[in-house]
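Okay, here's what each chain looks like letter by letter:
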Amino acid sequence: MTRARLATAAPAALAATAALAALAALAATAAPAAANPADLFGFGARAQGMGGALTAGTDDAGANYYNPALLAGGDAIRIDVGYQLAQPLLSVDGHSQGVDTSRGLALGLAVPGRLAGARLAIGAGLFLPDQQLTRTRTLPSPQPRWALYDNRPQRLFLAANLAFELPGGVSVGGGIAYMSGMKGVVQLEGIVGFPDPASSQLVLDMDVDLKTIRYAQAGVAWQATPWLTLAASYRGGFRLVLDQTFRLSGDIGSPGAPPLVEDGFLHLRTVAQDLFQPMQVTAALHAQLTPRLALGFDLAWHRWSVFENPAANIDIELDIGDFNDLVNIPPQDPLPAPHFHDIAVPRLGVEWVARRTPRRVWRVRGGYTYEPSPAPEQSGATNYIDGDKHTLATGAGVELPGLGGVILRPVAIDVSLVTTFLPERSHRKLLAADPVGDYRARGMVIGGALSSRWRF
Amino acid sequence: MPARPRASHARAAAAVAVLALAPACGIGFADDTSGGHDDLPTSGAGPFGRLPVDETTPADEPWLATDRTLDFTEPALVARAGGGFVYFVTRESPDLPVGDSEIWRGAIRDPRQLPDEPLAPAVIADQVWEEGHVAAPAVVDDGARLVMFYEGGLTTVSIGRAVSSDGGRTWQKDPAPVLVGARAPGVAFDGALWLAAFTRPGEDGIWLARSGDGVAWVVDAAPTLVPTGVEDSFERVAVGSPWLAWVVESTGRGHWAMWYAGLEKFPLEGDLPRPAVGYVASFDGMAWGRSGAPRPVLAAPAGAPAVLVSGPRATLLFDGPAGRRLAVGVATHP
Amino acid sequence: MPRVRGLYPIALPTLASCALALAAPAPAAASPLELFGFGGRSPGLAGAGVASSEGYDAVFLNPGGLGLASRKRATVGGMYGDFALSMDGADTGTESAGGLVIGGAVPMPLGGAARDRVGIGFGFHIPTVAINRARAPYPGEPVFTLLESRSHVIAMQFAVGVKLDERWSVGAGIMALAVLRGGIDVTTDGSGRFTTQSEQRLQTRFSPVVGARWRWRDDVDLGAVFRAPSRSDYDIRVTNDLADVLPVTLPEIRIAGAAQYDPLTVAVEAAWRARPGLTVTGHLAWARWSAFPYPTLNPTVGTPPQEAPDFHDTAIPRLAVEHTRRALGGTVSARAGYAFLWSPAGEQTGRQSLLDNHRHLVATGLGLAWPGRLVPLHLDAWVQLHALVPRRHAKDSGRFLPGEDVPFDVLDTGGRVVVGGLTVGVDL
C-alpha cells in the first residue's frame, strides 16, 4: 500500500484494512490454544457470575473470549488477572470417576488506540492451567468417559484479536486462536533383545513437526440505543489430529550372537483425534434496563454433529521372519460413529448495582445457563457419557476509582460461584452382551473465580 | 477523579497481583495425578486381564489355587458378605488314571493377598451315583442360602444339587441328580427362573435347561451354542464349561450372561488343550448374542471360567497350566 | 516374506506422543532468536541492540529498554531464511525457514511515582512451517546440529521495564517454555486386540530474561542482559505387554531428549552516538554452550552410552552502525553490522558427529518511519549473510572399537545462510 493511498483513504476503511492485514498475518501463523476451558467454565469472575451471558455486554479484556468486537469500546488499557477453578463431581452408578479439576490463571489484555482517526484495539486472552499447559489423552474406543469433561478442559486457551469501531455505533472484531497437530516419524534401529528384551540395543532417530491448526473467532456489536446493545459472535471449531509413524527395524537376538531374525521390522502408523471443539455461533443482547440493573441474554448454537470418534486408527506392518507364523493379531471393526447432534444453549445474566458511593461501587450478579447434551443415549458401542447441564451462577464485585495515586483508573475485584447440575441420565444398551452394559450417570460441577480488572 | 495515595490500596493491589500471578509462576497446585478412569461401569463382558505378577505381594499372581502335586480346576465363586469372595475348585485326584475328585472351598478378600480361609474339602463324592467323582461346581446365592450344582458320576455323568446355609462350608445334597446325561454346569437364578447351561457327553455344544425350582428341569431341544467351525475362530472345534449369571444393572434391567471355554483346535496327544474364554448374553434367555466379532474375552490358555460382577469390577476365575500342574487363576476387568 | 497387516483402533499411537515431545503447543525455545536476532531492527545490526532497543524487541534484547517506551506500538512482520549447508561439497537439503513476528510495546499510563516509567511488551516469533520441530538422526550420523532445525520453534516472550531515573532503567521478562512428559502402555485386551492407555502432559517452564540500561554519558548508552538457558525437553516412556500376540517381547522404550536448546547468555553492549544520527555499537556476548545436552537419549537401557557432546562456551563479538536522517517525509535509518559467531562444537573425532562451523555474520538493514502522521507507520527490513568457515572433521580411529562402524573418515563442511525480514509497526 502506498503512502498516497494511505493519506487519502477514509479512516474507518484504513482501520479495516489494517485489521484485515493483521488478521491475515495472524492467520498465517501457528501458536497453541483452544477454547474449551472457557467454553465449559467461562472466562473471568464477572462473566462466570452472569452465567456467561456477556457476548453483548463484556466491557473488559474478557471480550477476547466472548466477543472481540467489544475490545474496541473504551479508551483505557485493560488488563484482567484472575484465577478460576472448577471441580467436577461426576459419577456413574454411584461411583465417582475422579474427573480432574480444571484450574488456572485467566489473563486478558486490551490495548486501545486510534489509527487514521478510527478507534481500534488489539487484545489477547489466555487461560493458563497450572497443572499442565495441555494434556492429550487417548482411550480405547469403547471405554466410558465423561466426554465433555474428561480431558477437554485440560489445556490452555490463547487467542489474539483485533477490533475496530465503525460509524453508527457498530464495532467489529476478530482474531485467531490456535491449536497444533503433529506429524512425523520416530525410528528405532538396532537389536531387539531375545529372549531378554532388556538386552536390546536401540538407537533413536526423530523427525517430528508440530503443525498448525488455526481457527477464527469474530464478533460484531451494535449499540442500538443508549441502553441496548445487540451482538453476535462466531467461534470456529477444530480438532487436533495426531498423525504419527513409528518404525522399529533391526535384528532380533542377543547382542554379540548371530541374530535369530535379520532385518525384521515393525511399522506402525496411527491417526488419532483429541481436544475437539465445536463451531459456535451466538446471538446476544445486553440491556441496561435501569441505571442499576443490566440484563444479558445469549443464545448460542454449537455444532457438535461433526464430532468424530477420537480413538486412533492404526496401520501395522510387521515382518519378524520365522516368527510371523506365531503372530495372531485379529482384524478390527471400524470405529463406531458417536452420532452427536447440534445444540442450542441459552444464557441469561443480570447485574445489579447494589450500592454506589464516591469511593466504591458494589455489584451483585446472577445467571442461568441451560446446555443440553449433544450426546445421544449411549445404547451402542460408544460410551461418551454426558447429560443436560443446568448452571446457576452468582457473583459480586467492588469497583474502586483507582489505587494509591498510581493507578488512576478504576480497578475492580470480582468473585463468582457457579454450580452446574447434570440430572441423572440412564443409558440402556441395545445388546445384552454389551461389554459396558447399562448405567446411570449424574453429577455436578462446582466452580468459582477471583478476578481483578485493571484499567490504565 | 484520581484517588488519594493510600498505602493500603497499594498493598491490596500487590496482594491481589501476587495471588493471581502465583500459579503462573509455578506456585500453583501442580501435580501429576490424573483422573477420569475410576470405577467405570462394566457388565462383566471383559476383556479380562490376568493379575499381573507382583513380587511385593504374598500371592502367586495370577494363581489363586495352585499346588506342586495337585491339580485345581473348574472354579466357582460367589460374593462374600463383608467383602471378597468365596470360591470353590475341583481338586482332581493326584492318582491316575482316575481317583476320587473333590470340591474344595476357600475364601479371600483380595486375590493379591493370601486367602482368609485356605482351601479345604467342602464336597466329597459320598453318593452312590457320584461314583467317586464330584467336580465342576456352579454356586448360586438365591438370597437365603447357597445352591450348588455339580458334576458327578463316571458311567453316567449327571448334575447333582446341594444347598448350604453356612456360606458353603457344609452342604446337604439332593439324593439323586437333577439332570442326567449332563456335565459341567453353569446355573443362574433371576428370582423366578432357574437357567442351567451344561454340556452333554458325546454331543457338541452348550445346552440350556429351565426350571421354576432348580430341581425339576426342562432341557431345550437343541444346543444354544455350538462350535463355529470357522477357520481362526477361538471356538472352532469345541465349546464347553459354561458359567451363567443373572446380572442386574443399575437401570434395574437384568440380563443373562454366559462365559464359556472355546477351543480352536484339539491338542496333539500328550499336549494340553489351549482354550480361551468367550462370552454371550441374552435379555430373555432365549436369544443369545455377542457384541461385535466373536473374540475371546480372556486369551488362551484359560478354561472353565467363573465370573463375579460386583459394581464397576468383574473377577474371573479360570483354570490353566501352571508349571507341571493345572491351577486356578484370577483375571479381572478392568 | 509374509507380512501381517491390519487396521486397528488404538488409543494413542505408540510413538505418536513421542512426537508430542516437540509437540508442545506452547513450547518456546528461542533458537531463531539466538540464530538471527529478534525484531525488525536488531537483525540488521547483526544482533546488536542490547543498549538501544526500546520497542517490543526489547523483550528479548534487553527488557530494561521497555521502561523507555514512549508510544503504544503494534508490529507484525515476517522473515525467511535459505540454508545452503554442505558436507563434502554435497548440499544437505536443509529446509528453508519462515517465520512471523508479532510484537507490542505499551507504556503504562500510571500516576504518581510511576508516571511515565513503566512499559510492558510482548514478542512472538512464530515459524510458518512447524511451530516446533524435533529432528535428530541416529547418534553418530553427521548433522548440522545447531542449524538444521533450530529455526523451527515458536518463541513467546513477555517483559516489563521500569525507568528508575533519567539514566537507569531495568527490566525483566520470561520466555514461556514447555516440557513434555508422559507414558504409553501398549498391551492387548483379552481378545488379543492392540490397545493403549496413553497420556502426555505439557508442563510449563519459564526462562527468565533480565536486563539493565545505563546512560553513561549523553552520547553513550550501556546495556547488559542475562538470558537463562532455554530448552524444550521431552520424555515419553513406552511400555508394552504384547506377549499374547507377539512371540517377541519388546523392550521398554524411552523417547527422550532435548528438542531445542539455547544456552545461558550474558551480553554487554555500548552504543555511542558518534554524531547526530550516527550510532556505533559494540557488543560482546558469552554463551554457556558447555551445558549443551544430548539431542536424544538412548531409548533402551542396553544401548551403549553415547559420547558427550563436549561443546564449549563461546564469546561472540558484534559491531554495528546505524545512521538515521530525515527523508521521505519521515526518518530513514540505514544499518549494518558484523559478528563472528564462534562455534561451540569441536572437531568431531569420536562417535558423535554434531557438526558446526564458525560463522561470519554480515548484516544490513533499513528503517523507515513516519511517526505522528495520520497513519504512523514504522517499516524495517533486514538481510543477514552467515558465511560458514570451512572446516574439516577427521575421525580418530583409536576412539572406535575394532570392527565398529565409523560414520566417516574425513568430512569437510561449509556453506552459507541467507535470511531476511520485514516488519510493519503502527503507533496506536
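Thresholds, definitions, all that
Residues numbered from 1 in each chain as written. Chains lettered and ligands numbered in written order. Predicted model: local features only at pLDDT ≥ 70, side-chain atom pairs only at ≥ 80, totals over all residues. Heavy atoms only, no water. Helix = DSSP H or I, 4+ residues; strand = E, 2+ residues; numbered from the N terminus. Buried < 20%, exposed > 50% of the residue type's maximum accessible area, 1.4 Å probe, protein only. Contact = heavy atoms within 4.5 Å. Areas by Shrake-Rupley, 256 points an atom, 1.4 Å probe, with all protein chains shown as cover. Phe/Tyr/Trp six-rings, centres within 6.5 Å; stacked < 30°, edge-to-face > 60°. Lys NZ or Arg CZ within 6 Å of the ring centre and 35° of its normal. Patch = residues over 30% accessible without salt bridge, like charges linked within 9 Å, V, L, I, M, F, W, Y side chains within 5 Å. Salt bridge = Lys/Arg side-chain N within 4 Å of Asp/Glu carboxyl O. Pairing = 2+ DSSP bridges. Axes fitted to C-alpha atoms, helices over the stretch in contact; angles between N-to-C directions. Lys, Arg positive; Asp, Glu negative; His and termini not counted. Core = buried A, V, L, I, M, F, W, Y, C linked by side-chain atoms within 4.5 Å. pLDDT = per-residue confidence, 0-100.

When its secondary structure is counted, chain C shows three helices and 21 strands. The 428 residues of chain C split such that 61% are buried. Nonlocal contacts in chain C, meaning residues at least 24 apart in sequence, comprise 70% of its contacts between residues at least 6 apart. Summing over all exposed atoms, chain C offers an accessible surface of approximately 15,200 Å²; the carbon and sulfur share of this is 59%.

In this section: the overall build of chain A. Tallying secondary structure elements over chain A gives five helices and 21 strands in all. Pairs at least 24 apart in sequence give 71% of the contacts found in chain A among residues at least 6 apart. If you sum the accessible surface of chain A, you get close to 15,400 Å²; carbon and sulfur atoms cover 62% of it.

Our focus in this paragraph is the side chain of Thr-314 of chain C. Residues and elements named next belong to chain C. With respect to the secondary-structure elements, Thr-314 resides in strand 16 (residues 314-327). Using a relative accessible area of 1% as the deciding quantity, one classes Thr-314 as buried. Residue contacts for Thr-314: discarding those within four places in its chain leaves Ala-285, Trp-286, Ala-287, Trp-289, Trp-342, Ser-343 and Pro-344.

Bringing the packing of aromatic side chains into the picture now. Tallied over the full model, the rule gives 32 aromatic pairs over all chains. An aromatic cluster is built from Phe-276, Trp-304, Phe-307, Phe-340 and Tyr-384 of chain A, whose rings are joined through pairwise contacts. The ring of Trp-207 of chain B has Arg-200 of chain B lying over it, and the distance from NZ or CZ to the ring centre is 4.8 Å. The ring of Trp-216 of chain C has Arg-217 of chain C lying over it, and the distance from NZ or CZ to the ring centre is 5.1 Å.

Attention shifts here to a nonpolar patch on the surface. Residues and elements named next belong to chain C. A cluster of nonpolar side chains, Tyr-338, Val-362, Val-383, Leu-385 and Val-418, forms an exposed patch at the surface whose accessible area comes to about 370 Å². Here Tyr-338 shows up in strand 17 (residues 330-341). Overall, Tyr-338 belongs to the partly exposed group, its relative accessible area being 34%.

The next subject is the sheet that holds strand 5 (residues 102-108) of chain B. Residues and elements named next belong to chain B. On the basis of which strands lie adjacent, the open sheet formed by four strands has the order 3-4-5-6 and antiparallel pairing. Every other strand in the sheet has two partners, leaving strand 3 (72-79) and strand 6 (117-123) as the edge strands with one partner each. Taking each pair of neighbouring strands and ignoring which way they run, the sheet shows an average axis angle of 25°. Sheet topology places strand 4 (residues 85-91) next to strand 5; seven bridges connect them, and they run antiparallel. When the sheet's bridge partners are listed, Val-89 is paired in strand 5 with Trp-104.

This brings us to the sheet that holds strand 16 (residues 238-248) of chain B. Residues and elements named next belong to chain B. As summarised here, the arrangement of the three strands in space is 16-17-18, forming an open sheet in which the pairing is antiparallel. Only two strands of the sheet have a single neighbouring strand rather than two, namely strand 16 and strand 18 (276-282). Averaged over neighbouring strand pairs, the angle between their axes works out to 25° when direction is ignored. Inspection of the sheet shows strand 17 (residues 254-263) paired to strand 18 by seven bridges, in the antiparallel sense. Residue pairing across strands places Trp-256 opposite Ser-282, the latter belonging to strand 18.

Now for the pairing of strand 21 (residues 439-455) of chain A. All names here are of chain A. Inspection of the sheet shows strand 1 (residues 78-92) paired to strand 21 by 15 bridges, in the antiparallel sense. Paired with Gly-82 across the strands is Ser-451, a residue of strand 21. Pairing analysis gives 15 bridges linking strand 20 (residues 411-427) to strand 21, with the strands arranged antiparallel. Bridge assignment links Leu-417 to a residue of strand 21, and that residue is Gly-448.

What follows deals with the side chain of Glu-371 of chain A. Residue and element names in this part refer to chain A. Along the polypeptide, Glu-371 turns up in strand 17 (residues 361-371). No salt bridge is formed by the buried Glu-371, whose closest oppositely charged neighbour, Lys-389, lies at an N-O distance of 4.4 Å. Contacts of Glu-371, omitting those with residues within four sequence positions, involve Leu-148, Ile-343, Val-345, Gly-387, Asp-388 and Lys-389.

For the peptide bond that leads from Phe-194 of chain A to Pro-195 of chain A, omega is 10°, which places it in the cis range. In this fold, Pro-195 of chain A is placed in the loop between strand 8 (170-193) and strand 9 (201-225). Cis peptide bonds are those with omega within 30 degrees of zero, and the linkage from Gly-46 of chain B to Pro-47 of chain B qualifies with 5°. Considering the arrangement of structural elements, one finds Pro-47 of chain B in the loop between helix 1 (7-21) and strand 1 (49-50). For Asp-88 of chain C, which is not a glycine, the phi torsion comes out positive at approximately 50°. Summarising the element assignment, Asp-88 of chain C is placed in the loop between strand 2 (73-87) and strand 3 (90-91).

With that settled, the discussion passes to the pairing of strand 16 (residues 343-356) of chain A. Residue and element names in this part refer to chain A. Relative to strand 16, strand 14 (residues 293-303) runs antiparallel, the two being bridged by ten bridges. When the bridges of strand 16 are listed, Ala-294 appears paired with Glu-351. In the sheet, strand 16 pairs with strand 17 via nine bridges, with the strands oriented antiparallel. Following the sheet pairing, Val-353 is matched in strand 17 by Arg-363. If you look at the hairpin formed by strand 16 and strand 17, you'll find four residues sitting between the two strands.

Residues and elements named next belong to chain A. Across all of its chains, the model carries 46 salt bridges over all chains by this definition. Taking the shortest distance from any N to any O, the salt bridge between Glu-351 and Arg-46 comes out at 3.1 Å. Separated by 305 residues along the polypeptide, Glu-351 in strand 16 and Arg-46 in helix 4 (residues 45-49) bring together distant segments of the chain. Overall, Glu-351 belongs to the buried group, its relative accessible area being 9%.

Turning our attention to the nonpolar core. Of all hydrophobic cores here, the largest spans 71 residues; its most connected members are Phe-48, Trp-171, Trp-217, Trp-243, Trp-259, Leu-316 and Leu-317 of chain B. The next biggest cluster of nonpolar side chains, apart from the first, holds 42 residues, and it includes Phe-164 of chain A together with Met-108, Met-156 and Leu-377 of chain C.

Take the confidence of the model for chain C next. For chain C, per-residue confidence averages 84 on the pLDDT scale, and 85% of positions sit at 70 or higher. Ignoring residues within four places in sequence, the model shows residues 1-30 of chain C, a span with pLDDT below 50, making 150 contacts including any to other chains.

Right, let's talk about the environment of Phe-38 of chain C for a bit. Residue and element names in this part refer to chain C. The residue Phe-38 is located in the loop between helix 2 (31-36) and helix 3 (58-61) in this model. For Phe-38, a relative accessible area of 1% corresponds to the buried category. A sequence separation of 23 residues divides Phe-38 from Leu-61, and the C-alpha atoms of the two residues are 7.6 Å apart. Sequence-distant contacts of Phe-38, defined by excluding residues within four places in its chain, comprise Leu-33, Pro-43, Tyr-56, Asp-57, Val-59, Phe-60, Leu-61, Val-101, Gly-123, Phe-124, His-125 and Gln-157.

What follows concerns the environment of Gly-443 of chain A. Residue and element names in this part refer to chain A. With respect to the element layout, Gly-443 can be found in strand 21. With a relative accessible area of 15%, Gly-443 lands in the buried category. Taking the C-alpha atoms as reference points, Gly-443 and Leu-90, separated by 353 residues in sequence, lie 4.1 Å from one another. If we ignore the near neighbours within four places in the chain, the residues touching Gly-443 are Leu-89, Leu-90, Thr-420, Phe-421 and Leu-422.

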